[in-house]
Amino acid sequence: MSGAEEDPSAPRRSQRERKQASQFVSFDSQQSKRKRPDDEESSELSDVDTPEARDDDEDVGQDYSAPKAKPKVKTSQRKSSPAANEPPKRRGRPPGKKLRITKVPGAPRTRKPRARKGGVAFDAEQVAKETKITNDNPLFNAIMNPSAALQSTVEDFLDSLTQSPAPAQGELINCIFRACGCNHTIDGDEAVDYDGIVDALDNITEALKQDDTPVYPLTSKLPAFKPFRESLSEFLSRLISSAAAMGQLYSTELMTTLQAWVVATSSSQLRSFRHTASVVALEVETALCEVAATVEKEAEVVSRQKEGERKRKKGKAEPVTAREKDLDGKAAEVRERRAKLAEFLKEFVDGVFVHRYRDLDPNIRAECVRAMGSWFSKYPAHFLDGQYLRYVGWVLSDSNTHVRLEAVKALALAYAQTEFIGVGALQHFTERFKPRLVEMAIGDTELSVRVAVVQVLQAIDSHGMLEDDQRSMLCLLVFDEEPKMRRAVSGFVKGVWEESLEERLVGKKPDAKDKKRAGFKALAMLLVRWGKALDKGKTSDDKDDIDEDGEHSEGSRRGRRKEVVDIVGPEQKGRTALAVDALWDEVPQVGDWESLLELLQLDHSASEEDPSSRSRGKKKGKHTASASSVDEVWRLEEVEEGVLLEVLSAALRKAKVIAASGKKGEEETVSSDITRALIKALPRLFVKYQTDPGRMSDVLQLPQLMKLDLYLEMRMITAYSALWDDIIKQFTSHSAQIVLMKAVTTIRHMMDATSLSNTNSVKVLELEEILSTSLRDVIQGRDELEIASFSEDEILALTGICTRLATLAGARDMVAWMEEDERGMQSSAWDIVMALVERGKLGYKEEELMIDQALHLQTLYIIWKARGLTTGHDPSPEEFQYRDDLRNRRDNLVEKLLEFTVGTQSNTAEGVRRSAFQNLMNLHILFCPAQSIAPDGSALPTAALAMTLDDENQYRCAGFVQAEIERYAEELNNNADAEPASDGEDSEQDRSEGEEEREGKGAKKTGQKKSKGNLSSKTTPGADSIRSQLENEYIFMGIIATFLRAIRAGAIDFRHCAVLLAHFGRLGPSFDLCAKLIAEILREEGMYKQNGEAVVAVITQAVGESFLMTLDGITENEENTVALTKLLSTCFIIRGAQLAVVKRLDSQFVVNVHTSLLSWLFKRIAAYDTAGNKKARTQCISFFRVLQPLLNAVDNRDSLKIKAHLDQALAQSKLEVPATSKAWDSYRAYEKKLTMAKDKGISGKTKKTKPSKTIDPTTTDDEGMATDASIAPKSKTARDAAAIDSGVDEDESGRDSPVAAPRTPKRRPRPRPVARPRTPEHTSPELSRSPSPAQSVPSARHSSPPLSEPPLTPEPEEMTTPTTSRKRQHSPDEDGSVQESVADTNASSPEIPDSQDDQVHIRRKRIRH
């Protein structure tokens, strides 16, 4: 501290009262080392310490009080002379830290704590108030103070440890207690009483258990604790290193005391103690590792010195010299220190780590594993051993993500010690845990863990310790869906690629060009191998299974179904593009697109050894390279050429993206370079791959990357026309859907080049003329196309033409072309295609795709033509004619579509039926009246041609969807190889119910295991079966999505969605998402469009049909139906923030749902009971479990109605409910939940009611559920008064209420509230008015019967007609008597609280038999 910073006027501490052998007292200072005089140091050493806050030292001259001075104790020799400082220096004191030396006598200065620059001085008292941790410990205050010099604090503590060991050790233990958030203090005697540590901790624990869980610094979010973890680590590190340098680590009881307390505290029941003690132990262990590593180096130095001294003698019999004695003494000292350090290390590992690495708290486990990683790096000679590595290996399977991540990081530090890789323990550990590491890299749930594991495996592979199959599995991650994962594995893939390249160049001396091409060959080989392994579901190096047409890299695109190819857009990336993006910065060949383009133009088909093995059509042209110019080192297979074509396309896109984000003008340059190179290369590529659909689809993407205006700038219009000709040739010669889609996308890109519009117009007309000619050539000479016979070649030709036309019509308006008939000289394309559509009713399987494409083409024609409609109020004659022509063509097409979809006179194929259904729904959505109105209310052009689907056809369409669902469900069962649900049902009727349930559960588990095994066995062989399943699912979901869109648009009535809801949970997650959309539709219809009756019909039908599948053995249990009712329960009520009711369905409809389902259920139970079918009867009883989720929206009044219907239905069915039968548990649970519903309604209303001044008695829940604040919650007085207002006499209420619900458990009477005098202004509105007959009428409408089946018993409202009360209003003085008269009745019967202000209580009369 400089002299300018001192205050000369401040009283010097040594001039007041000097303490002789004081306990440790710390002062704050800057981080830099300060030199202090001897007398200042001496003043800090005394037998007694008065703990003070650090900031109190600034005012020591004011209120300082110290104990009486004791006889001065002789200070340590370290202070007496500079010579005493030499041994610590020789023992390796940390560099940059100078020991304190005797200073020239001068004016002593008082030390003050200094804050950081720009900051505020540390206030210990304020921190103590915020953290609730006392500031009586100087060590803890120094750790908490971010501006304290911890090295000075440590040195002062070690001085105190020398003078007064016990108090100093007590201060250290108290510091640990403060770090635990504990304010308990122990003295020096207790600190060194090792036998009483456990008892002392038990007492502290019991005391703290009485208080709330203390806040402790390691987990607290307070700002004051933010730097605590780092400061604690630094303090402990400096303490151990300084104690070792000064010898006190070995000569004092510091480590013994610290170990005894920390080990015992780390096993405490309190998490704060256990966590903090574990951290302290681990940090001390880390510091000991550094000290032990230093001692190891010192031992090596001494050993080399001794060896050098022996060599100097050269065998001479010389006496032992003083140097040899000195070296022997040093060696003995070093051995002693090593032994003590090894003992210290072992104590902490065995006492703390071994127990806490599997602690219940994941934070403690993570701390342990992180510390082990640091030990690996700081003291590898000791810790890179099997007995320590195994702990990290075990933690790799921890359930907590953070712990697994720390374990992986620890292993990364272990494998970073390259000089110890060859150690047997590390190799054994690697062999043991390699499979687990590979498994984590491939399938761990956390992305960060996977990325870290890949880095570890890369380090393992760099030493050649990974198997080939494991390397192949890791290389597959280059196709992973996560970009971070692909980038992480790119370095690993680079190493594999370099090894493959070296293998190909063994024994060769290639030049730079050949080496670059060999790199492309190696890359292609690897991508093909990994693609094959990914398709097969396993890693394999066998190349014989690769398809000869080279389609394996992206799956068999040629065999894809039309519906699936439609989703493959031009902008979607394949897995090869993902690999290119990941390897762009690692593998240089990936970014060298120019060399790759040059390589692909060469002819790799010929081979001198076996020309027939790679037979392919000869590519003739003056630019084609000869086979002799292709070296065998980089000759490409067909499949490799296909992969490199994908690499080229992805590399060009990546280059353009990088250039776009670069300097200004760089994008223009790169785009021009790409265009010039492709202008030269595209003609060769078109010629080379013209017969290969898979390769051609990749080549057709390249023109989309060109800057087409460059053709005009370079005056290469002829080359541009040639490019058009090549594209038209490929479009008219190929029939593969993927090629046609890529060609149409390229044509659209070329049409966007406005500078070349003249050439574009001419070429498009040429294309249309070619298509028209080809269509008429095939049907030439046939008059009746509807019944004409076609050869197989003609059918293929017509299929290809229709596919081309449909694909082109999807991107271009073809209306004029299809209507062109040359003034009646020939049939138009519309007429020809409609004639082909007529052939759909013949049901020829080979014509299925042709009819499908023809229907799609005609639908696109109607859609394009509808764009020409106008919205004028006074259309012209031309517009009238246009509308009539469109209406006629549309109606004609719709008639055909209906016939194919739901007609009975045709033998339509399945594919045609599906296509006709989707096109039919699309047309009805387009011309639906509900969709013909704009958001602003104006009419759209399609309003003039609105079209609806009659009810009969709607039911038939719903039947078609039902048939498709059953077909798809059967396919799922076949794929899973599921056994029949049940056989021999009748033979098992005599079994007991308990046996049936046990056997059913066992059969269920067995069936699940068996189906899983069969499914895996079927999907393992390759990608074909998996792709087939995905294609079937996509086709099926296309039908469901189209049907849902029609319902959503209003073309199909929403009542038909019950067909879909009945199969909820049966057909996969994609189908279930559609069912959730249906729930939203029902909620909207019931609450906002007032279609509650229809919603009831949909719900009852869906739930009933879903449960029938369980009864019929189609589904194993009622779980799907329970999930369905949970979903449908959201249709009854909409909740907002804090579960507040925003909107709800009218209660009568909710009641109708329950009563209808209950009536349906009891009829089935009675039927099965009569037939003696116990199994079906037991399954029927489980239906009560299905009904329970639907009770969530039932209020108290509705629950009474449902309960009455339930009791009456049970009585009429003459069923007895056994008290101990397990089969009826679901009934009892439903009844209990129904009984509790009224209490739920009261509590729900209590929380959300608002004061209301209105006296309108017709307020309902739909209108806000507002009640008067004075009656929420209702007391017994208010409820009784409401009963009086409703016209129910006290005697009648007490007499009839027990019969109202004979099976309902009795409730305890609530405590009677203290009667308070009421004033007129506080009187409840219910007590001041009586409902009139007119006001009672609205409640009668809630008793309408359900739609599906009439109730078995009349509703409660119909038993007694509510009348106006004949009793006079009670005065406040009479309220008490009213309470007393009704109290006995309420004590013996269920409470019937009001659900709304306008509702009246209904008394039920006893039914006499």
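Computed from a predicted structure; not experimentally measured.

Definitions and limits used
Residues numbered from 1 in each chain as written. Predicted model: local features only at pLDDT ≥ 70, side-chain atom pairs only at ≥ 80, totals over all residues. Heavy atoms only, no water. Helix = DSSP H or I, 4+ residues; strand = E, 2+ residues; numbered from the N terminus. Buried < 20%, exposed > 50% of the residue type's maximum accessible area, 1.4 Å probe, protein only. Areas by Shrake-Rupley, 256 points an atom, 1.4 Å probe, with all protein chains shown as cover. Polar contact = N/O pair within 3.5 Å; in protein donor to acceptor, adjacent residues only side chain to side chain. Core = buried A, V, L, I, M, F, W, Y, C linked by side-chain atoms within 4.5 Å. Contact = heavy atoms within 4.5 Å. Phe/Tyr/Trp six-rings, centres within 6.5 Å; stacked < 30°, edge-to-face > 60°. Axes fitted to C-alpha atoms, helices over the stretch in contact; angles between N-to-C directions. Parallel < 35°, antiparallel > 145°, perpendicular 65-115°, else oblique. Nonpolar A, V, L, I, M, F, W, Y, C, P; charged D, E, K, R; others polar. Salt bridge = Lys/Arg side-chain N within 4 Å of Asp/Glu carboxyl O. Pairing = 2+ DSSP bridges. Patch = residues over 30% accessible without salt bridge, like charges linked within 9 Å, V, L, I, M, F, W, Y side chains within 5 Å. Lys, Arg positive; Asp, Glu negative; His and termini not counted. Charge placed at Lys NZ, Arg CZ, Asp CG, Glu CD. Expected span 1.5 Å × (residues − 1). pLDDT = per-residue confidence, 0-100.

Engineer: For this particular structure, what's the right way to read the overall build of the chain?
Structural biologist: Helix and strand content of the chain: 59 helices and two strands. For the chain, with 1409 residues in total, the buried portion stands at 51%. When the accessible area of the chain is evaluated, it comes to approximately 66500 Å², of which 50% is carbon and sulfur surface.

Engineer: Can you walk me through the environment of Asp 692 in this structure?
Structural biologist: With respect to the helices and strands, the residue Asp 692 is situated in the loop between helix 31 (666–688) and helix 32 (693–699). For the pair formed by Asp 692 and Gly 642, sequence separation is 50 residues and the distance between their alpha carbons is 10.0 Å. Among the polar contacts made by the side chain of Asp 692, one reaches the main-chain amide nitrogen of Gly 694 at a distance of 3.1 Å.

Engineer: Hey, could you run me through the nonpolar core in this one?
Structural biologist: Most often, soluble globular proteins keep nonpolar side chains buried together rather than apart. Counting 344 residues, the largest nonpolar core has Leu 249, Leu 288, Phe 383, Trp 530, Leu 1082 and Phe 1184 as its most contacted members. If one sorts the elements of this core by residue count, helix 15 (residues 271–313) sits on top with 15 residues. Not counting residues within four places of it along the chain, the set of residues in contact with Leu 1082 comprises Phe 1054, Cys 1057, Leu 1061, Val 1095, Val 1098, Ile 1099, Leu 1128 and Cys 1131.

Engineer: Please explain the packing of aromatic side chains as it appears in this structure.
Structural biologist: Here a ring pair, both rings aromatic, is described through the centre-centre distance and the interplanar angle of the planes. On inspection of all chains with the given rule, the structure shows 26 aromatic pairs. Arranged with centres 6.3 Å apart and planes meeting at 75 degrees, the rings of Tyr 379 and Phe 383 form a pair that is edge-to-face. Looking at Phe 383, the relative accessible area reads 0%, which means it is buried. Ring geometry for Trp 830 versus Tyr 861: centroids 4.7 Å apart, planes at 40 degrees, classification tilted. Taken together, the residues Trp 830 in helix 39 (residues 829–838) and Tyr 861 in helix 40 (residues 848–866) connect sequence positions 31 residues apart. On the accessibility criterion, Trp 830 (4% relative accessible area) is buried. The class for Tyr 861 is buried, based on a relative accessible area of 2%.

Engineer: I would appreciate a short explanation of the packing of helix 22 (residues 447–461) against helix 24 (residues 483–504) in the present structure.
Structural biologist: Packed helix pairs are specified by the crossing angle of their axes together with the interaxial distance, meaning the distance between the axes. Relative to each other, helix 22 and helix 24 sit at 5 degrees, their axes nearing to 9 Å. Classified by the interaxial angle, the pair formed by helix 22 and helix 24 is roughly parallel. For the pair helix 22 and helix 24, the contacting residues are Leu 447, Arg 450, Val 451, Val 454, Gln 455, Leu 457, Gln 458 and Asp 461 in the first and Lys 484, Met 485, Ala 488, Val 489, Gly 491 and Phe 492 in the second. Split by residue class, the contact of helix 22 with helix 24 holds eight nonpolar, three polar and three charged.

Engineer: Any chance you could explain unusual backbone geometry here in plain terms?
Structural biologist: Notably, Arg 715 is not glycine yet its phi reads approximately 55 degrees, a positive angle. Inspection of the secondary structure puts Arg 715 in the loop between helix 33 (709–713) and helix 34 (717–733). The phi dihedral of Gln 1090 falls on the positive side, at around 55 degrees, and the residue is not glycine. Topologically, Gln 1090 is positioned in the loop between helix 47 (1069–1087) and helix 48 (1092–1111).

Engineer: Explanation requested: the pattern of salt bridges in the structure shown.
Structural biologist: Oppositely charged side chains can form a pair if their charged atoms are brought close together. Taken as a whole, this structure holds 58 salt bridges when the rule is applied. Note that Glu 499 and Arg 471 form a salt bridge whose closest N and O atoms lie 2.9 Å from each other. You can see Glu 499 sitting in helix 24 and its partner Arg 471 sitting in helix 23 (residues 468–475), a full 28 residues away along the chain. For Glu 499, a relative accessible area of 33% puts it in the partly exposed group. Where Asp 673 meets Arg 676, a salt bridge forms, and the shortest distance between an N and an O atom there is 3.9 Å. Of the two residues, Asp 673 and Arg 676 are both situated in helix 31; the distance of three residues between them amounts to about one turn of the helix. Relative accessible area serves as the criterion here: at 39%, Arg 676 is assigned to the partly exposed category. Salt bridges sharing partners connect three or more residues here, namely Arg 229, Glu 283, Glu 367, Arg 370 and Glu 406.

Engineer: Help me understand the pairing of strand 2 (residues 1141–1144) in this model?
Structural biologist: One face of the sheet, then the other: side chains in a regular strand alternate in exactly this way. Here strand 1 (residues 1133–1135) pairs with strand 2 via three bridges, running antiparallel. Considered in strand 2, the bridge of Ile 1134 is made with Lys 1143. Connecting the antiparallel pair strand 1 and strand 2 is a turn made up of five residues, with Gln 1138 showing a positive phi of about 55 degrees.

Engineer: What am I meant to see in a negative patch on the surface here?
Structural biologist: A contiguous patch of negative charge, built from Asp 187, Asp 189, Glu 190, Asp 193, Asp 195, Asp 199 and Asp 202, is present on the exposed surface. Residue position: Asp 199 is located in helix 11 (residues 197–210). Using a relative accessible area of 48% as the deciding quantity, one classes Asp 199 as partly exposed.

Engineer: Hey, could you run me through the environment of Ala 287 in this one?
Structural biologist: Locating Ala 287 in the fold gives a position in helix 15. Note: C-alpha distance between Ala 287 and Ser 233 (54 residues apart in sequence) is 9.1 Å. Residues in contact with Ala 287, not counting those within four places in the same chain, are Leu 236, Ser 237 and Ile 240.

Engineer: Would you explain helix 31 in this entry?
Structural biologist: Given 3.6 residues per helical turn, the α-helix brings residues three or four places apart onto the same face. In a regular helix each residue adds 1.5 Å, so 23 residues correspond to 33 Å; helix 31 covers 32 Å between its end C-alpha atoms and thus fits that length. Within the span of helix 31, buried status applies to Val 670, Ser 671, Ser 672, Ile 674, Thr 675, Leu 678, Ile 679, Ala 681, Leu 682, Leu 685, Phe 686 and Lys 688. Those residues of helix 31 hidden inside the fold are in contact with helix 29 (593–600), helix 30 (638–660), helix 32, helix 33 and helix 34.

Engineer: Would you explain the packing of helix 25 (residues 512–536) against helix 29 in this entry?
Structural biologist: Where helix 25 contacts helix 29, the axes come no closer than 11 Å and their chain directions differ by 85 degrees. Classed by the angle they form, the pair helix 25 and helix 29 counts as roughly perpendicular. Within the contact between the two elements, helix 25 uses Lys 513, Lys 516, Arg 517 and Phe 520 and helix 29 uses Ser 595, Leu 596, Glu 598 and Leu 599.

Engineer: Would you take a moment to explain helix 20 (residues 401–415) for this structure?
Structural biologist: The end-to-end C-alpha separation of helix 20 is 21 Å, in line with the 21 Å expected for 15 residues at 1.5 Å each. All of the buried residues along helix 20 are Val 403, Arg 404, Leu 405, Glu 406, Ala 407, Val 408, Ala 410, Leu 411, Ala 414 and Tyr 415. Put simply, Asn 400 is the residue that caps the front of helix 20, since its side-chain oxygen is 2.9 Å from the backbone nitrogen of His 402.

Engineer: When you look at the environment of Ala 806 in this model, what are you seeing that I'm missing?
Structural biologist: Looking at the element boundaries, Ala 806 is found in helix 37 (residues 792–809). Using a relative accessible area of 3% as the deciding quantity, one classes Ala 806 as buried. Sequence separation of Ala 806 and Leu 740 is 66 residues, and the distance between their C-alpha atoms is 10.0 Å. Setting aside chain neighbours within four positions, we find Ala 806 in contact with Gln 853, His 856, Leu 857 and Leu 860.

Engineer: In this structure, what is going on with the confidence of the model for the chain? I would like to understand it.
Structural biologist: A low pLDDT score tells you not to read the predicted coordinates there in detail. Mean pLDDT over the chain: 74, with 71% of residues reaching 70 or higher. Counting interchain partners and residues more than four positions distant, the pLDDT-below-50 stretch residues 1–120 has 230 contacts. Note that residues 607–628 has pLDDT below 50 and, in this model, 21 contacts with residues that lie over four places away or in other chains.

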